[in-house]
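# Geometric and topological summary
Below, each chain spelled out in residue letters.
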Amino acid sequence: MLLSALVYPGAGQLMQKRWGAGVGFGLAFTVPFVWFVVEVFRVLSAYYAFMVDFKGATGVAPGAAAIVVPFLLSLALYVAGLVDTAVAAYRIRMKSRVHPTF
């Protein structure tokens with residue numbers, strides 16, 4: 001779970017040898033995260049253009065929703081990946097326990 005939290009979403013699933021889930025969470029997180037980074041750069045470039053070229057800048061920047069939506073989507077997939085890794089680790093531990101039979 002630590003790998004999914006600190007390295008990249010899907011890394012924990014890959015360590016559990018759950019290849020489909022690992023690749024799926026990695027790709028599912030990458031798409032909205034790249035979208036988020038692109039939107040942040042669009043907002044920053046609009047504000048820096050206004051700061052550097054005051055007369056030539058358009059003064060139009062994307063709204064807050066342009067950043068919030070991809071951020072929340074990335075965050076939801078990040079948390080879902082952590083929960084999936086934790087649940088799978090719990091199931092693996094429970095499966096490997098020896099249950100006494102009487």
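Every value quoted in this text rests on a predicted model; they were computed, and no experiment measured them.

Below, the discussion takes up the pattern of salt bridges. For the coordinates displayed, the defined rule picks out two salt bridges. For aspartate 84, the salt bridge goes to arginine 18, with nearest N and O atoms at 2.8 Å. In this pair, aspartate 84 is assigned in helix α4 (residues 65-96) and arginine 18 in the loop between α2 (11-15) and α3 (19-52), connecting sequence segments 66 residues apart.

Next up on the list: the side chain of glutamine 16. As for its placement among the helices and strands, glutamine 16 is situated in the loop between α2 and α3. Reaching out from glutamine 16, the side chain makes a polar contact with the side chain of arginine 18 at a distance of 2.9 Å. Beyond its immediate chain neighbours, meaning those up to four positions away, glutamine 16 contacts Thr85, Ala88 and Ala89.

Cut-off values and rules
Residues numbered from 1 in each chain as written. Predicted model: local features only at pLDDT ≥ 70, side-chain atom pairs only at ≥ 80, totals over all residues. Heavy atoms only, no water. Salt bridge = Lys/Arg side-chain N within 4 Å of Asp/Glu carboxyl O. Helix = DSSP H or I, 4+ residues; strand = E, 2+ residues; numbered from the N terminus. Polar contact = N/O pair within 3.5 Å; in protein donor to acceptor, adjacent residues only side chain to side chain. Contact = heavy atoms within 4.5 Å.

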